[in-house]
Amino acid sequence: MKLPRDVWIVSHPELLQRYGRGLTAALRKADWSVNTLAVPESERSKSLATAQRVIERIARQAAMRLPLLLALGGGVVGDLTGFIAAVFRRGVPYVQIPTTLLAQVDSAIGGKVGVDLACGKNLVGAFNHPRLVYNNLGLLQSLPLRQRRSGLAEVIKYGAIADRTLFQFLRRRLPDCLGLKPHAVKLMVERSCRIKAGIVSKDERETSGLRAHLNFGHTLGHAIEAAAGYRRWTHGEAIAVGMCAATEMSVECGWLSATEGEKLIRLIQDAGLPMQAKGVSRRIVQRAMRYDKKFIHGRPRWVLLKGIGRVQVTENLPPMLLARILPKYVPQP
Ligand SMILES: NC(=O)c1ccc[n+]([C@@H]2O[C@H](COP(=O)([O-])OP(=O)(O)OC[C@H]3O[C@@H](n4cnc5c(N)ncnc54)[C@H](O)[C@@H]3O)[C@@H](O)[C@H]2O)c1
Ligand SMILES: [Zn+2]
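Residues numbered from 1 in each chain as written. Chains lettered and ligands numbered in written order. Predicted model: local features only at pLDDT ≥ 70, side-chain atom pairs only at ≥ 80, totals over all residues. Heavy atoms only, no water.

### Quick notes on the coordination of the zinc ion (ligand 2)
Quick reminder of the rule: As a rule, N, O and S atoms within 2.8 Å of a metal are its donors, except that Na, K and Ca use 3.2 Å; water is not among the atoms, so sites may look incomplete. Put simply, DSSP H or I for four residues or longer makes a helix, DSSP E for two residues or longer makes a strand, and each gets a number counted from the N terminus. Summary of the burial criterion: residues with accessible area below 20% of their type's maximum are buried, those above 50% are exposed, and those between are partly exposed, where the area comes from a 1.4 Å probe applied to protein chains only.
Donor atoms from the polypeptide that coordinate the zinc ion (ligand 2) comprise Glu-154 (OE), His-218 (NE2) and His-235 (NE2), at 1.9 to 2.1 Å from the metal. Spacing between the donor residues of the zinc ion (ligand 2) along the chain follows E-x63-H-x16-H. Placement of the pair is Glu-154 in helix H5 (residues 145-162) and His-235 in helix H10 (residues 235-252), with a sequence separation of 81 residues. Judged by relative accessible area, Glu-154 falls into the buried class, the value being 1%.

Here you go:
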């Protein structure tokens, strides 16, 4: 694999302090030229404005040389860098070094890249695979508890949609998972990556409906993030609420037993993830759901469960079900 030797590391200031120096030194020692570009730590960096700023910096400094972009960070840096790599000069190569649990198990793989708009998540983007994803489990040890929990939400999602063994492991060994004990991290990252890669390799562009399974909890989750202005809620927290609502809908539709539903909701609760999105306007959440890419011909497409480890996708939810359930998950004062 031949890659350009002009590396642009895109990251956050704190991560550059912590891990960027060692990486830069190692690359320079191997004769690569290295530049760093810091973007603020926030979902709000996943924007067209930030993308433009970064692109203009690289364009000015890289001149005629082909850059290699390197995303060092979580899903925000990864999605943003992958998007820039897709559009700058109609495409330049990029590499992912994910540093959050969420990015290692989910966002760094699969090639979905993009930025948010005020009205909805990930509304501008592309399919663009990195040349390499380098998962170094050691990088996760500095993750604060809130970010561990947030990543765990996506791991719980994989267990719920496709892997009963992983689901059982999470239930039995939750403290090890949250504590990022080496055996637990290895198992979570390996199994999650295998599930995601398996799904993406069969339905890369989300045409057959299989890739949509990965959106369990995301219809409501994305709407909560957008309604809160991409502040307050991490992605994992928002989808945790979304998974609770989707679990209750699955039970109400008669596809998931009440016992299995309770196990899943208990796991989300025990992981320290929220089960309700307090403090966001339900009206704005409902409006944000309409911008969701999962809306087909004006109807929401819901990813529900047909038992732990099995998915049921539906566009025919009983009309009043969402209206009945939503107040529990997005309560108003
Ligand atoms: N492309 C996809 O397929 C896909 C899939 C899932 C999620 N996503 C996106 O990913 C984003 C969320 O990603 P995230 O949860 O990684 O959030 P994030 O990128 O905002 O990172 C969370 C926080 O952790 C800090 N951090 C990162 N690595 C650290 C480390 N090793 N030690 C200490 N602190 C560290 C960051 O600076 C940041 O403050 C959302 O925008 C979501 O939409 C994309
Ligand atoms: Zn997600």
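### Quick look at the packing of helix H12 (residues 282-290) against helix H13 (residues 319-329)
Think of two packed helices as two axes; the pair is described by the angle between the axes and how far apart they sit. We apply this condition: Note on geometry: axes are lines fitted to C-alpha atoms, helical ones only across the stretch in contact, with angles between N-to-C directions running from 0 to 180 degrees. Comment on the angle field: the value is read as roughly parallel under 35 degrees, roughly antiparallel over 145, roughly perpendicular from 65 to 115, and oblique elsewhere. We call a crossing left-handed when the near helix sits turned anticlockwise from the far one by less than a right angle, and right-handed when that turn is clockwise. Two residues form a contact once any of their heavy atoms are found within 4.5 Å. In this classification, the charged set is Asp, Glu, Lys and Arg, the nonpolar set is Ala, Val, Leu, Ile, Met, Phe, Trp, Tyr, Cys and Pro, and all remaining amino acids, among them Gly, are polar.
Remark: H12 packs on H13, axes separated minimally by 11 Å, with the N-to-C direction vectors making an angle of 130 degrees. Judged by the inter-axis angle, H12 sits oblique to H13. When you trace H12 past H13, the crossing you get is right-handed. Across the interface between the two elements, Arg-282, Gln-286 and Met-289 of H12 pack against Leu-322, Leu-326 and Pro-327 of H13. Partitioning the contact of H12 with H13 into residue classes produces four nonpolar, one polar and one charged.

### Regarding a positive patch on the surface
Here is the rule we go by: To count toward a patch, a residue needs a relative accessible area above 30% and no salt bridge. Like charges then connect within 9 Å, nonpolar side chains (Val, Leu, Ile, Met, Phe, Trp, Tyr) within 5 Å. Calculation of accessible area relied on Shrake-Rupley with a 1.4 Å probe; when residues are assessed, cover is drawn exclusively from the protein chains displayed. Any carboxyl oxygen of Asp or Glu within 4 Å of a side-chain nitrogen of Lys or Arg constitutes a salt bridge here. The charge count includes Lys and Arg as positive and Asp and Glu as negative, but it does not include His or the ends of the chains. The atoms used to mark charge sites are NZ of Lys, CZ of Arg, CG of Asp and CD of Glu.
A cluster of basic side chains, namely Arg-171, Arg-172, Lys-263 and Arg-266, defines a positive patch on the protein surface. Broken down by secondary-structure element, the contributors of at least two residues to the positive patch are helix H6 (164-172) and helix H11 (258-270). Mapped onto the fold, Arg-266 is located in helix H11.

### Some thoughts on the pairing of strand E5 (residues 112-117)
The condition is simple: Note: two strands are recorded as paired if DSSP finds a minimum of 2 bridges between them.
As judged from the five bridges shared by E5 and strand E6 (residues 120-127), these two strands associate in the antiparallel manner. Counterpart to Val-113 in the pairing with E6 is Ala-126. Linking E5 back to E6 in an antiparallel pair, the connection comprises two residues.

### Describing the packing of aromatic side chains
The condition is simple: When the centres of two rings from Phe, Tyr and Trp lie within 6.5 Å, Trp using its six-membered ring, the rings pair. Their planes under 30 degrees apart give stacked, over 60 give edge-to-face, and anything left gives tilted. Only Lys NZ and Arg CZ are tested; either one counts as a charge over a ring when it is within 6 Å of the ring centre and within 35 degrees of the ring normal.
Across all of its chains, the model carries zero aromatic pairs by this definition. Its end group placed over the ring of Tyr-158, Lys-157 keeps NZ or CZ at 4.9 Å from the ring centre.

### Quick word on the sheet that holds strand E2 (residues 33-38)
Strand order in this open sheet of five strands is E2-E1-E3-E4-E7, and the pairing throughout is parallel. Either end of the sheet is taken by a strand with one partner, and the two such strands are E2 and strand E7 (132-133). Inspection of the sheet shows strand E1 (residues 6-11) paired to E2 by six bridges, in the parallel sense. Each residue of the ladder has a partner; that of Asp-6, found in E2, is Ser-33.

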